[in-house]
Amino acid sequence: MENENQAETFKEEGNVAFKNGDWETAIILYTKAINITNEETRNLSIYLKNRAAAYLKIEKYEAALNDCDKSLKIVTTDPKALFRRCQALEALQRYEEAYRDATQIFKDDPTNKTIQPILQRLFKIVQERARQNELLSSKLESMLKIAFDLSETIEKRETAMNNLLVLARQSSGAELMMKSTIVQQVKNLIKVDKNRVITTAGIRIIGELCKHNETRTKKVLEIVGLPWFLEILDSEDANRVNVVEHCMQTIINAFSGMENKRDTKPKKELIDRNKKQIDTLLTCLVYALNNRLISGLARDALIELIMRNINYDQLSWAEQLVNIGGVERLMECASELEEYKYESSMNITSSTRTVAAVCLGRIYENMYYDALKEKFREKIENFIKDKLLTPDIESKVRVTVALTALLRGPLDVGNALIGKEGIMEMILVMANTEDELQQKVACECIIAAASKADKAKAIISQGINILKQLYKSKNDHIRIRALVGLCKLGSSGGTDASLKPFAEGSSLKLAEACRRFLLHPGKDNDIRKWAAEGLSYLTLDAEVKEKLIEDKPALQALVELAKTGDQSVLFGVITTLVNLCNAYDKQEVIPEMLELAKFAKQHIPEEHELDDPDFVTKRILILGHANVTTALVSLAKTESDNSKELIARVFNAMCSEQELRGVVVAQGGSKALLSLALNGTEKGKRQAAQALARIGITMNPEIAFPGQKSLEVIRPLLNLLHPDCTGLENFEALMALCNMAQVSETARMRIIKEGGFGKIEQYMFEDHQQISRAAVQCMCNMTQSEEVIKMFEGENDRVKFAVALCLDEDKDTAMAAAGMLAIITGASKKCCEKVFDSKNWLDCLHCLLANPSLDMQYRGVCVTYNILSSSKEVAEKLIQTDVLEILMALSKLTPCDGREKIVEIAGLALQEAEKWGVIKKPGEDDD
């Protein structure tokens, strides 16, 4: 009884909130009432249909439909629940079902006047859809006959298949296709047809049928089965593998509510409902990883699918994956060799080990508490122990390769293992053997292990002679790896010009050796990749940077290497570019701390004179004109967040030079930057957002960010309006938003929707003059929106502040404020009235009307005209001042030298005063 009373109280409070337009609060209160009403009573039916009404108001139609369904299970003919379900169904474009409910309401109550126009409207829609469905059915039938008839010409079949794909993208078309046998036909066709266009279109059709539709996806899986997707994924055709991978992700999304965008979140109710299917998908992906028969491309796709859904804000697969043996299977992939084939070897690509390492790193990142991290480490350690218990050479080789992957993925885990007794000694012994395979993998591990200064010192003392000896090998693959090891050890002093582990001039000699490997004709991509990695270490040296930037063939070779899309080349190429641009974080040198370090006789880092700003600018310009953007766009497809940050840093360095911004946009950089600004590390997102801001400042946003991109870029720009961001980032974001706000009302509404109005307004009060000015200019453009005008009309001091800003010492700030005041007073009588709330309103008008700047004077007469034309009461407030005398003087000026508009508006303002009778026309006598 107590629960019933409490539920009724919550309902009544919800009704009040609903009447006041506070839909979110109403939903919370109705939900409380529902949660404490256990039995399916009439009261529960009322609470459900009331919550459905609130859901309709905030356009959550699926939730409204769900509540109406539950309500109607209790009271089957409730007219309000039927009506609200009808509204939800219509909004979801399920017109036939909406028409069914409308018909039922009319049958129950033929006098219901509300439902009659809705019934008529739905009848017309349903009739038209029935006619369209007949046409679609006929069209579908004819296309199916052609597409799956092997006796037809290839051209006709390809056209028919592509038409079916277009049809599958339409909701009505997809529903019709599900009623046909097309899914089974596609399944059968891919077994026998080798035409790439036709089979790819068939797979895409399956994906479109599953897209955003849980019911159709389940039906598709019933027909084809999950193993079929794994079967067709096994291909050497990269395009086909990509299409199947996308299709499988679409199925995962259909069960989870995600989309193929990184910033979308899954829907809990969907995941709970489809947990069995999602778990089965994960298990199949994990167990397929070590299938010895599948292609390397298919294996990469499986790892990428796992990695794409592993984060806590996606499907949070990490813990479950550890429990079902996923770590060990990924380690098997990471310990594989592409060139050398053992009897137990799997097919891999040049990217497999890199992708597996990134995936292991991502899993470790998602081990949320210490016990989970310990479990992950145990799995890795057991894998290594099991391999080492087998005394053959293959096991040692695989352990070394796996350790290399760990040092490139979950670095903490890799470092802990490499530090265990006997591991480093084993690697150095392998490097000192005559076996080329052991030499090669040991070199790679030594390079990865020298990531930290303490490791580098240990390796320099123990392994430098071994690396020098290996560099004399006749095998280029071993020579280049030994060379990279020497490069990494030689660069352990970083950018500090005073620290040189090797003799003077050694870095330039090593760089020249890397250059030869990079450019030598006939060298394969594996050798070029290692040459690029060697340069990535050496380019911490300013002399090497200057030598490389003048070497056009070497720069071109780096760009071409990046454009291959091989993920294993990413580190070498992008790190080299970061170093050339000096786009890395630099430690701030505080003068007081510098003096203290000298006093304590501590080492003080020294920057090389070739790293002065002029040299850095020159290098950035050369890179920009060497088409580096095309390389960055190719590399930006990586799943590694740290790599994305490095790419964003290079983009931002290039966009710091105004003449390169157009080049970046022309070569597809803006699209890549949008993705980088929304995904990755916080620093990486800031770097990408700043690059977008710089593009948005100097280029027309409609050209720089065409179509939907002009709206998508708004969120990254607003993210820069944060206290943690630098003043320069704030300023550039405001300038870019100022240009965006000028583009269209759609752009202005997106800024408001993303919470931009409050952020921009906050920076109008900033002490920094340039930031404050940019915010005022941005707000001036924002006032072109009716929504912003309403905000100025509210109970606040915004108009008063705009008046005060017109008197600002900074001319540009005052100009923007005057423009803002002219716009808001022209759009709103309420804003005209609020001008007089300011103590400075008369000073403001004096300043504007008597300003030596014609632009300011023009804004002044516009503001005065708006006030005089708003109402008689407002106009009368100006009579007691000298404003009308100033207007008369302005109206009598000779209209020349740009004063024409000022004279015209001043005359119109006086006419408005005459209209209200607050002044008399010339020659009129008093009564």
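Residue numbers restart at each chain and count upward from 1, following the sequence in its written direction. Local features in a predicted model are, by the rule used here, given only for residues with pLDDT of at least 70; side-chain atom pairs are given and counted only at 80 or more, and totals for whole chains, interfaces and linings are based on all residues. Hydrogens and water are ignored here; the side-chain numbers use all heavy atoms of the structure.

Peer 1: Please explain the overall build of the chain as it appears in this structure.
Peer 2: Counting from the N terminus, the helices are DSSP H or I runs at least four residues long and the strands are E runs at least two residues long. A tally of regular secondary structure across the chain gives 55 helices and zero strands. Along the longest, intermediate and shortest principal axes, the C-alpha atoms of the chain span 120 × 80 × 70 Å. Partly exposed residues are those whose accessible area sits between 20% and 50% of the maximum for their type, while under 20% is buried and over 50% is exposed, using a 1.4 Å probe and protein chains only. Among the 927 residues that make up the chain, the fraction classed as buried is 52%. For the chain, the accessible area works out to roughly 43300 Å², and carbon and sulfur atoms hold 50% of it. His is not counted here, nor are the chain ends, while Lys and Arg score as positive and Asp and Glu score as negative. For charged residues, the charge sits on one atom: NZ in Lys, CZ in Arg, CG in Asp, CD in Glu. The average position of the 121 basic charges and that of the 134 acidic charges among the side chains of the chain differ by 5 Å. Each accessible area value is a Shrake-Rupley result obtained with a 1.4 Å probe; residue values ignore everything except the protein chains displayed when judging cover.

Peer 1: Help me out: how do you make sense of the environment of E659 in this one?
Peer 2: Here E659 is to be found in helix α37 (residues 658-666). For the pair E659 and L411, spaced 248 residues apart in the sequence, the C-alpha separation amounts to 39 Å. With near-sequence residues (within four places) excluded, E659 lies in contact with L621 and H625. In protein, a polar contact means a hydrogen-donor-capable atom and an acceptor-capable atom, both N or O and within 3.5 Å, with residues adjacent in sequence counting only if both atoms are side-chain atoms; elsewhere, any N or O pair within 3.5 Å suffices. Within polar-contact distance, the side chain of E659 engages the side chain of H625 at 3.1 Å. Note on definitions: a residue-residue contact is assigned when non-hydrogen atoms from the two residues lie within 4.5 Å.

Peer 1: Can you help me understand the packing of helix α46 (residues 769-782) against helix α49 (residues 811-827) in this one?
Peer 2: When two helices pack together, their arrangement is given by the angle between their axes and by how far apart the axes lie. At a minimum axis distance of 8 Å, the contact between α46 and α49 shows a crossing angle of 20°. On the basis of their axis angle, the class for α46 and α49 is roughly parallel. Here α46 and α49 pass one another in a crossing that is left-handed. Residue-level inspection shows R773, V776, Q777, M779 and C780 of α46 in contact with α49, the latter providing D812, T813, A816, A817, G819, M820 and I823. Taken together, the residues of the contact of α46 with α49 sort by class into seven nonpolar, three polar and two charged. Only the stretch in contact is used when a helix axis is fitted, and all axes are lines through C-alpha atoms; the angle between N-to-C directions ranges over 0 to 180 degrees. Any angle from 65 to 115 degrees is called roughly perpendicular, while one under 35 is roughly parallel, one over 145 is roughly antiparallel, and all others are oblique. Crossing handedness: left-handed means the near helix sits turned counterclockwise from the far one by under a right angle, and right-handed means the same turn made clockwise. We call Asp, Glu, Lys and Arg charged. Ala, Val, Leu, Ile, Met, Phe, Trp, Tyr, Cys and Pro are nonpolar, and the rest, Gly among them, are polar.

Peer 1: Explain helix α44 (residues 745-753) to me, please; I cannot follow it from the model alone.
Peer 2: One turn of an α-helix holds 3.6 residues; hence residues three or four places apart share an orientation. Residues A747, R748, I751 and I752 constitute the buried set of α44. For α44, the angular spread of buried residues about the axis comes to 140°, placing them on one side. Those residues of α44 hidden inside the fold are in contact with α41 (709-712), α42 (714-719), α43 (727-743), α45 (756-763), α46 and α47 (786-793). Positive phi appears at G755, one or two residues downstream of α44, with a value of about 80°. Our arc is simply the arc of the directions from the helix axis toward the C-beta atoms.

Peer 1: Explanation requested: the pattern of salt bridges in the structure shown.
Peer 2: For side chains bearing opposite charge, pairing can occur when the charged atoms are close. Whenever a carboxyl oxygen of Asp or Glu lies within 4 Å of a side-chain nitrogen of Lys or Arg, that contact is scored as a salt bridge. For the structure on display, the rule yields 52 salt bridges. The partner of R308 in a salt bridge is E245, with the nearest N and O atoms 2.9 Å apart. Placement of R308 in helix α17 (residues 296-308) and of E245 in helix α14 (residues 238-256) is noted, with a sequence separation of 63 residues between them. For R308, a relative accessible area of 23% corresponds to the partly exposed category.

Peer 1: Sorry, what's going on with unusual backbone geometry here?
Peer 2: If a residue is not glycine, its phi is most likely negative; likewise, a peptide bond is most likely trans. In this model, E59 sits at a positive phi of 65°, which is unusual for a non-glycine residue. For E59, the position within the fold is in the loop between α3 (42-57) and α4 (61-74). For E59, a relative accessible area of 56% puts it in the exposed group. Its identity is not glycine, yet N627 carries a phi of approximately 65°, on the positive side. Examined against the element boundaries, N627 turns out to sit in the loop between α34 (613-625) and α35 (628-635).

Peer 1: Help me understand the side chain of E444 in this model?
Peer 2: Take E444: it is sitting in helix α25 (residues 436-449). With a relative accessible area of 2%, E444 lands in the buried category. Looking at E444, its side chain comes within polar contact range of the side chain of R481, at 2.7 Å.

Peer 1: Would you explain helix α27 (residues 476-490) in this entry?
Peer 2: Over its 15 residues, α27 runs 20 Å from end to end, which matches the ideal 21 Å to within 8%, given 1.5 Å per residue. A large share of α27 lies buried, amounting to twelve of its 15 residues. Every buried residue belonging to α27 is among I478, I480, R481, A482, L483, V484, G485, L486, C487, K488, L489 and G490, and all of these are buried. The span expected for a helix works out to 1.5 Å for each residue beyond the first.

Peer 1: How should I be thinking about the layout of surface pockets in this particular structure?
Peer 2: Where empty space is left can be seen by rolling a probe of water-molecule size over the atoms. Think of a 1 Å grid over the protein atoms and nothing else: a 1.4 Å probe that fits but is trapped marks a cavity, an open set flanked by protein within 12 Å on at least five of seven lines marks a pocket, and residues with an atom within 4 Å of a point count as lining. Grid points are joined across faces, edges and corners, and a volume is the space filled by probe spheres set on the points. Its volume calculated, the second largest pocket comes out at about 2100 Å³. As for the second largest pocket, its lining consists of 50 residues, and the residues nearest its centre are E62, L92, R94, H212 and N213. Counting residues per element, the ones that place at least two in the lining of the second largest pocket are α3, α4, α6 (95-108), α7 (115-147), α9 (171-179), α12 (214-224), α14 and α15 (268-273).

Peer 1: How do you make sense of the environment of C725 when you look at a structure like this?
Peer 2: Take C725: it is sitting in the loop between α42 and α43. For C725, a relative accessible area of 9% corresponds to the buried category. Once the C-alpha coordinates of C725 and R686 are considered, the two residues, 39 residues apart in sequence, prove to be 8.1 Å apart. The residues touching C725, leaving out its near neighbours within four places in the chain, are R686, N719, L720 and N730.

Peer 1: Before we go on, may I ask you to explain the confidence of the model for the chain in this structure?
Peer 2: Low-confidence regions, as indicated by low pLDDT, have predicted coordinates that should not be scrutinised in detail. Along the chain, pLDDT gives the predictor's confidence residue by residue, from 0 to 100. Of all residues in the chain, 92% attain a pLDDT of 70 or more, and the chain-wide mean is 87. Within the chain, the element-level pLDDT minimum falls on helix α33 (residues 591-599), averaging 52, and the maximum on α46, averaging 95. Here residues 494-501 is a poorly scored stretch, pLDDT under 50, and it has 21 contacts once near neighbours within four places are set aside; other chains count.

Peer 1: Explain the packing of aromatic side chains here, please?
Peer 2: In this description, an aromatic ring pair is defined by two values, namely the gap between the centres and the angle between the planes. Working definition: a ring pair exists when centres of Phe, Tyr or Trp rings (six-membered ring for Trp) sit within 6.5 Å. Plane angles under 30 degrees give stacked, over 60 give edge-to-face, the rest tilted. Applying the stated criterion to the full structure yields seven aromatic pairs. Seen in terms of ring centroids, W228 and F229 are 5.1 Å apart; in terms of plane orientation they differ by 70°. Their pairing is edge-to-face. A single burial state applies to W228 and to F229, both of which are buried. Relative to W841, the ring of F836 lies with its centre 4.6 Å away and its plane at 65°, an arrangement referred to as edge-to-face. Of the residues examined, W841 reaches a relative accessible area of 15% and is grouped as buried. Across from the ring centre of Y364, 5.6 Å away, lies the NZ or CZ of K373, which sits over that ring. In this analysis the charged atom, NZ for Lys or CZ for Arg, is taken to sit over a ring once it is within 6 Å of the ring centre and within 35 degrees of the ring normal.

Peer 1: Looking at this model, I keep getting lost on a nonpolar patch on the surface. Mind explaining?
Peer 2: What makes a patch is a set of residues exposed beyond 30% relative accessible area and free of salt bridges, joined within 9 Å when like-charged and within 5 Å when nonpolar (Val, Leu, Ile, Met, Phe, Trp, Tyr). Taken together, the side chains of Y312, Y368 and Y369 present a nonpolar region at the surface, about 390 Å² in accessible area. Mapped onto the elements, Y369 comes out in the loop between α20 (352-365) and α21 (370-389).

Peer 1: Explanation requested: the nonpolar core in the structure shown.
Peer 2: Soluble globular proteins tend to pack their nonpolar side chains together in the buried interior. In this structure, L164 and F229 are the most contacted members of the largest nonpolar core, which totals 267 residues. Counting residues per element, this core draws most heavily on α25, at nine residues. Sequence-distant contacts of F229, defined by excluding residues within four places in its chain, comprise I206, V220, L221, V224, V244, C247, M248 and I251. Remark: nonpolar core denotes a set of buried residues (Ala, Val, Leu, Ile, Met, Phe, Trp, Tyr, Cys) joined through side-chain atoms within 4.5 Å. By size, the runner-up hydrophobic cluster in this structure holds 34 residues, among which are A7, A26, L29 and I34.

Peer 1: For this particular structure, what's the right way to read the state of the cysteines?
Peer 2: Disulfide: a covalent bond formed between the sulfur atoms of two cysteine residues. The criterion for a disulfide is a pair of cysteine sulfur atoms lying within 2.5 Å. In total, this model carries zero disulfides according to the counting rule given. With no disulfide of its own, C333 lies closest to C359 among cysteine sulfurs, the gap being 9.3 Å. The buried category is assigned to C333, whose relative accessible area is 0%. Free cysteine: C514, not disulfide-bonded; nearest cysteine sulfur from C487 at 3.6 Å. A residue is classified by how much of its surface remains accessible, and C514, at 0% relative accessible area, is buried.

Peer 1: Explanation requested: the side chain of R481 in the structure shown.
Peer 2: Note that R481 resides in helix α27. For R481, the side chain forms a polar contact with the side chain of D526, separated by 3.1 Å.

Peer 1: Whenever I open this one, the packing of α7 against helix α8 (residues 154-168) confuses me. Can you help?
Peer 2: Taken N-terminus to C-terminus, the directions of α7 and α8 make an angle of 140°; their axes are 8 Å apart at the nearest point. In this view, α7 runs oblique relative to α8, as classed from their interaxial angle. Between α7 and α8 lies a crossing whose hand is left-handed. Each of L136, L140, M143, L144, I146 and A147 in α7 lies in contact with α8, whose residues at this interface are K156, R157, A160, M161, N163, L164 and L167. Of the residues that constitute the contact of α7 with α8, the class distribution is ten nonpolar, one polar and two charged.

Peer 1: What is the right way to look at the environment of R299 in this model?
Peer 2: As for its position among the elements, R299 is in helix α17. Setting aside residues no more than four positions away along its own chain, R299 makes contact with A288, L289, N290, N291, R292, I294, C333, M346, N347, I348 and T352. For R299, the side chain forms a polar contact with the main-chain oxygen of N347, separated by 2.9 Å.

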